[in-house]
Amino acid sequence: MAQLLQHLINGLAAGTIYALVALGYTMVYGVLKLINFAHGDVMMVGVYMGYATAFALGREARASLLGVAAVFAVAMLGCALFGFLIERFAYRPLREKPRLTALITAIGISFALSYGFQLDIGFLPGASPRAFPEIITPTEWLIIGDRDVVVWNWQVISLLIAVGLMVGLQYLVFGTRFGRAMRAVSWDHRVAALMGIPTDRVIALTFMLSSALAAGAGLLYAIKDTSVSPLMGLYVGLKAFVAAVIGGIGHVPGAVVGALVLGLVEEFVVGYAASTWRDAVAFGFLILVLLVKPGGLFGRVAAEKV
Amino acid sequence: MEPPALPVPESRPLVPPSLRGVLPVLVALPVLALFQWGLGGADFATYLLSVMGVNIILAVSLNIVNGMTGQFSIGHAGFMAVGAYISGVLSLQLKDVALSFLPVAASDQVLFLVSLVGGGTAAAACGFLVGLPSLRLRGDYLAIVTLGFGEIIRVVVQNTDAFGRALGLSGIPQSSSPAMVYFWVFLVVLAARRLAGSSHGRSLWAIREDEVAAEAMGVDTTGYKVRAFVFSSFFAGIAGALFAHFVPIINPGSFTFVRSMEIVVMVVLGGLGSTTGAIVAAIFLTLLPEGMRSLFSALGTEGSLAQRVDQIRMPIYGVLLVVLMLARPQGLFGSKELWDVLPRWLPRKRRGLA
């Protein structure tokens, strides 16, 4: 029983991080109908920005609230700028082209980033994983019984940050003018432009928002995993992407539910079966969901226009 | 998808039948000669030629699904893995078997063919399984399923004792020869070209241009998509099987998502739908790292860049994809074939789809 509870907690903690990355996929897909394959790698770039900031701050960043805030702020702002540049120079020129071209571009960016960062030329960090500085000192926050169930402080902190960001995002999409513009662009960006919505600006802002979210999520992941490497984007990104599709890509609460389900499924596979099967189970689960509900759990299959 | 400028279909085949079959040999022979004289020595040339042939088979076969049918598949390495492992296991089983009514060498070749076709058939069966969801899934979602399939294959292989887990299979007889590889290159190119001009091929083109319209015209879209997957994965399996028989060891690391993407880059670079484009791109991208290596060595940057070509290759592929999509999204040849873009003074036939 206690073991089950522990797995449940770990699964949820992993799920919230996937959820934050998955939200980025979902937002971009909602607005542009583009699977932003490079999203995970944007996250990785954000994590390296945070890593560099933490080192620049030195001991100040270690376990001080201001330091943590600075690391998050620099990573998220830097990543937003980075996302803006990618959107402006790689995706915007392709907006009226077939969707496949944008998907291939995204895959190209993903490859350029994850493998480019493995080189050790100039400022690039090189292939070997690095230890992420301990910006939050891990402590056992809640212990039940004789260490039967342990809840770590980073699990609680990441859950709080994740829930806060999700609620904020939900408010942004459904409670603000910008959110209304986003939904309008998502419905039909040409008509939205005719109605006086600055579509380019809305899409750019959506990209920046999703990139900033990715950076935040990536930092939480790095704190949990205590290491950063150029390939983490491919790995975490792929999982979050699977989560977004399971929930129905383009659907904000769906992405969260999908991510939590995926986190739990993975945790239970690792806990009760074998950890080596984790990736296969994640993808098997995805295919199963898609076969039963081709649009994901909450997604709708749009009627085909003739 | 917006309709690219396809040439108007004509009933007459474009390529003279004589040239159709000879084409791959025409491509292969000068390259073969080049290598026997030039780079590295005979062993290296043999290896490079085999890699090149395997890449051509992969690119041409993926082009049938991605280019002709417009179903974006990004898990081709999965089929390759199935072919490699199944044929590898078959060969290991058949190692000590000899067909007594044949001379030893001939017997070996026959058994080698058996294991190749076995690997190809197993991959085709997987292609059938992957093609089936295309009944319900379109576009991006199908791409995700192919990606997931490739990853699942890799994990299954990694966890199966019969496949050597993460260590892989070793001791597979090195039966592969450039001649055998080029025989299959010949077959896949012939098959792809014959398919492109056939009524089956036209149904595939129709699905690529507009699936709904094709269905309305009475094309059995699901059936054709599944067939395209089976056809394409059979040859991917063959490519994997050939690969397994000339490298010393196969392991799950050879068949990752990265490998799939390399094949996608070849198809996209050559032009979605162009068989000759896929061949040219496969040759170019196989030779590129070697070229870069010799260039860097010649420039005297030995020890730094020259040895890191394989590292630099992947980011370059990524940038190449982005630049290509921005500058020339239809790839080098678009949907045309090599002879459509040859200079005017070269003899050529009338334009047509075939």
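Keep in mind that what you see is a predicted model, and the values were worked out from it rather than measured.

Just to check I follow, could you spell out the overall build of chain B for this structure?
Helices and strands together make up the secondary structure of chain B, namely 13 helices and two strands. When each of the 354 residues of chain B is scored for burial, the buried share is 55%. The long-range share in chain B, meaning contacts at least 24 apart out of those at least 6 apart in sequence, stands at 82%. Of the roughly 14,300 Å² that chain B leaves accessible, carbon and sulfur atoms contribute 68%.

Sorry, what's going on with the pairing of strand S3 (residues 149–152) of chain A here?
All names here are of chain A. Bridging between strand S2 (residues 140–144) and S3 involves four bridges; their strand directions are antiparallel. Looking at S3, one finds that Ile 144 is bridged to Val 149. Joining the antiparallel neighbours S2 and S3 is a turn of four residues, in which Gly 145 adopts a positive phi near 65 degrees.

Explanation requested: the pattern of salt bridges in the structure shown.
It is possible for side chains of opposite charge to pair when their charged atoms get near one another. Enumeration according to the criterion identifies twelve salt bridges over all chains in this entry. A salt bridge links Asp 200 of chain A to Arg 95 of chain A, with the nearest nitrogen and oxygen atoms 2.5 Å apart. Of this pair, Asp 200 of chain A sits in helix H8 (residues 199–225) while Arg 95 of chain A sits in the loop between helix H3 (65–91) and helix H4 (99–116), and the two are 105 residues apart along the sequence. Taking the shortest distance from any N to any O, the salt bridge between Arg 227 of chain B and Asp 220 of chain B comes out at 3.7 Å. When its relative accessible area of 42% is taken as the criterion, Asp 220 of chain B is described as partly exposed. Here the residues in one salt-bridge network are Glu 87, Arg 92, Arg 95 and Asp 200 of chain A, joined through shared partners.

Sorry if this is basic, but what is going on with the packing of aromatic side chains here?
We describe a pair of aromatic rings using the distance from one ring centre to the other and the angle between the two ring planes. The final tally for this structure, using the stated rule, is 21 aromatic pairs over all chains. The interplanar angle of 20 degrees and the centroid separation of 6.1 Å between the aromatic rings of Phe 37 of chain A and Phe 257 of chain B together place this pair among those described as stacked. Of this pair, Phe 37 of chain A sits in the loop between helix H1 (2–32) and helix H2 (39–57) while Phe 257 of chain B sits in helix H10 (residues 257–270), placing the two residues on different chains. Here Phe 37 of chain A falls in the buried class, since its relative accessible area comes to 9%. An aromatic cluster is present here, built from Tyr 25, Phe 37, Phe 111, Tyr 115 and Phe 241 of chain A together with Phe 257 of chain B joined pairwise through their rings. We note Arg 88 of chain A situated over the ring of Phe 89 of chain A; from NZ or CZ to the ring centre the distance is 5.5 Å. The ring of Tyr 224 of chain B carries the charged tip of Arg 227 of chain B above its face, separated from the ring centre by 4.6 Å.

What should I look at first to understand unusual backbone geometry in this one?
Excluding glycine, residues mostly carry a negative phi; peptide bonds, for their part, are mostly trans. Phi angles above zero are rare outside glycine, and Lys 33 of chain A is one such case at about 55 degrees. Residue classification places Lys 33 of chain A among the partly exposed positions, given a relative accessible area of 36%.

Help me understand the packing of helix H9 (residues 232–247) of chain A against helix H11 (residues 278–292) of chain A, please; the structure alone is not making it clear to me.
When two helices pack together, their arrangement is given by the angle between their axes and by how far apart the axes lie. Residues and elements named next belong to chain A. Closest axis-to-axis distance for the H9/H11 pair is 9 Å, and the angle between their directions is 25 degrees. Between H9 and H11, the interaxial angle falls into the category roughly parallel. Classified by chirality, the crossing of H11 by H9 is left-handed. Between H9 and H11, the residues in contact are Tyr 235, Leu 238, Lys 239, Val 242, Val 245 and Ile 246 and Arg 278, Asp 279, Ala 282, Phe 283, Phe 285, Leu 286, Val 289 and Leu 290, respectively.

Can you walk me through the interface of chain B and chain A in this structure?
In many reports, interface size means the accessible area that the parts give up when they come together. The partner chain A presents 47 residues to the 39 residues of chain B that form the contact. Taken over both partners, the interface formed by chain B and chain A buries close to 3,900 Å², and the fraction arising from carbon and sulfur atoms is 78%. Interface area lost by chain B to chain A is led by Asp 140, Tyr 141 and Ile 144 of chain B, which between them contribute 15%. Here chain B and chain A share zero salt bridges between them. Connecting chain B to chain A are zero residue pairs in polar contact (both at pLDDT 80 or more). For the side of chain B that touches chain A, the elements supplying multiple residues, two or more each, are helix H5 (139–158), H10 and helix H12 (309–327) of chain B. Among the elements that take part in the side of chain B that touches chain A, H5 of chain B stands out by supplying twelve residues, more than any other. Class assignment of the residues belonging to the side of chain B that touches chain A gives a composition of 28 nonpolar, four polar and seven charged.

About the criteria used
Residues numbered from 1 in each chain as written. Chains lettered and ligands numbered in written order. Predicted model: local features only at pLDDT ≥ 70, side-chain atom pairs only at ≥ 80, totals over all residues. Heavy atoms only, no water. Helix = DSSP H or I, 4+ residues; strand = E, 2+ residues; numbered from the N terminus. Buried < 20%, exposed > 50% of the residue type's maximum accessible area, 1.4 Å probe, protein only. Contact = heavy atoms within 4.5 Å. Areas by Shrake-Rupley, 256 points an atom, 1.4 Å probe, with all protein chains shown as cover. Pairing = 2+ DSSP bridges. Salt bridge = Lys/Arg side-chain N within 4 Å of Asp/Glu carboxyl O. Phe/Tyr/Trp six-rings, centres within 6.5 Å; stacked < 30°, edge-to-face > 60°. Lys NZ or Arg CZ within 6 Å of the ring centre and 35° of its normal. Axes fitted to C-alpha atoms, helices over the stretch in contact; angles between N-to-C directions. Parallel < 35°, antiparallel > 145°, perpendicular 65-115°, else oblique. Left-handed = near helix turned anticlockwise from the far one by under 90°. Buried area = accessible area lost by both parts, 1.4 Å probe. Polar contact = N/O pair within 3.5 Å; in protein donor to acceptor, adjacent residues only side chain to side chain. Nonpolar A, V, L, I, M, F, W, Y, C, P; charged D, E, K, R; others polar.

Geometric values such as these leave the question of function open.
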